[in-house]
Amino acid sequence: MTREMKIIMVTGAAGQIGSELTLALRKKYGNDNVLATDIKTQISPKLRDSGPFEYVNVIDRETIEQAVRKHRIDTIYHMSAVLSASGENRPQLAWNVNLNGTFNILETARENNMVRVFCPSSIAAFGPETPRLNTPNDTILKPKTMYGLTKVAGELLGDYYVKRYGLDVRGCRYPGIISYETLPGGGTTDYAVAIFFEAVKNKSYTCFLREDTRLPMMYMPDCLKATLDLMAADFSRLRHHADFNVAAMSFSAGELAAEIKKHVPDFKIAYEPDYRQAIADSWPESIDDSAAREEWGWKQDYDLATMTADMLNILQRRLQKGALNY
Ligand code: VAH
């Protein structure tokens, strides 16, 4: 008998995925049943005004316990992380937040007999030894970034808590996520977010990856769909737990620029690869997500054309209203 999620906590709720996931969860489960938490206390009015917020620093176990006790949390979506590019600039912080933080979350969930925990992984869990095309779900995981190795360890930790303690832990390996609600952050794939803001505001963008750099990507609505669908799936059908490949599309920086030019004809792009090129080169170009499709019915809705049209439409309307905030 699957126990129902009742009171949800989101860590990293001010982040790119966490902020939109919190709003999607509040829409599905009710505003007061979804606690947003982060170390940032300056959160968006949409988040602040739609439901409860607490300061939680995942490397400080007591702040987690206090929020869990006060709000009687039974489900955690653990979204806080130091991403790939930031993680190469501050590897010790990335280890502490991504690994010790995840350990603290899993231990708190175990000790409080929680219903379910979502621990996201990433295509960053793969490395240069991994097959680059149609990357299998079960394959070589030898990432060359601190972020990537913390994601592999997080997957293994999640699976351990499933088998050793019977804790219901689930997670998917997100590709690069593209969205318009938060500004681009410390991710290697965040060129694909910045390019839209720059195209709308300045009609030009200098990309920090090569034109031919092709990576797996996903539009935020599909990211939220995958997250909610996986967490709602029948646990007995799952053969994987914290390490599902999910895919939506793959494109190169040049292909994205060409799609943008269909809407912004005078858009200009230049390419000046930096340290993030080596990170991108270590990741796959395309992903086999057949396990997610078979075990919990995953299917994406957006492709490059529909995502680009939607992103530009929304950002151009915000610019016209003086609300681009970029
Ligand atoms: C990053 N956006 O670039 C994240 C993601 C697949 C990459 O995990 O670090």
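Structural data are supplied above this passage.
Positions within a chain are numbered from 1, following the residues in the order the chain's sequence is written. The predicted nature of this model means local features are confined to residues of pLDDT at least 70 and side-chain atom pairs, given and counted, to a pLDDT of 80 or more, with totals for whole chains, interfaces and linings taken over all residues. Side-chain numbers here rest on the full set of heavy atoms in the structure, without hydrogens or water.

Chemist: Hey, could you run me through the sheet that holds strand β6 (residues 121-122) in this one?
Modeler: Within a sheet, neighbouring strands are paired by backbone hydrogen bonds and run either parallel or antiparallel to one another. Ordered in space as β6-β8-β12, the 3 strands form an open sheet in which the pairing is parallel. Of all the strands in the sheet, the pair left with one neighbour each is β6 and β12 (244-245). The rule for pairing is simple: two strands pair if DSSP sees at least two bridges between them. A run of H or I in DSSP becomes a helix once it reaches four residues, and a run of E becomes a strand once it reaches two; helices and strands are each numbered from the N terminus. Bridge count for strand β8 (residues 172-174) against β12 is 2 bridges, and the pairing is parallel. Looking at the pairing, R173 lines up with N245 of β12.

Chemist: Can you walk me through the sheet that holds strand β5 (residues 116-118) in this structure?
Modeler: Here 6 strands make up an open sheet; going across it, the order is β3-β2-β1-β4-β5-β7 and the pairing parallel. The open sheet is flanked by β3 (53-55) and β7 (169-170), the only strands paired with a single partner. Where helix α1 (residues 16-29) meets the sheet, its contacts fall on β1 (8-11), β2 (34-38) and β4 (75-78), and the angle it forms with β2 comes to roughly 165 degrees. The contact definition used throughout considers only heavy atoms, calling two residues in contact when any of these lie within 4.5 Å. Note on method: axes are straight lines fitted to C-alpha atoms, helices fitted across the in-contact stretch only, with angles between N-to-C directions ranging 0 to 180 degrees. Across the sheet, helix α5 (residues 91-111) is in contact with β1, β4, β5 and β7; its angle to β4 comes to roughly 170 degrees.

Chemist: Mind showing me how you'd approach the nonpolar core here?
Modeler: One broad trend across soluble globular proteins is that nonpolar side chains are buried collectively. With 42 residues, the main nonpolar core has I178, Y191, F196, F251, L256, I260 and M307 as its most contacted residues. Elements supplying a minimum of two residues to this core: α7 (191-202), β10 (204-207), β11 (214-219), β13 (249-252), α9 (253-261), α10 (276-281) and α12 (304-320). Per-element accounting of this core gives the leading share, 9 residues, to α7. What marks off one domain from the next here is an automatic or database domain assignment. Here this core spans two domains, since at least three of its residues come from each of domain 1 (8-176 + 219-245) and domain 2 (180-217 + 249-283 + 302-320). In this structure, I178 is in contact with Q16, A192, V193, F196, M217, M218, Y219, M220, F251, M307 and M311, ignoring residues within four places of it in sequence. Grouped together as the second largest cluster of nonpolar side chains are 32 residues, I8, V34, Y174 and A291 included. Among buried residues, the Ala, Val, Leu, Ile, Met, Phe, Trp, Tyr and Cys ones that are joined through side-chain atoms within 4.5 Å form a nonpolar core. When accessible area is computed with a 1.4 Å probe and restricted to protein chains, residues below 20% of their type maximum are described as buried, those above 50% as exposed, and intermediate ones as partly exposed.

By themselves these figures say nothing about function.
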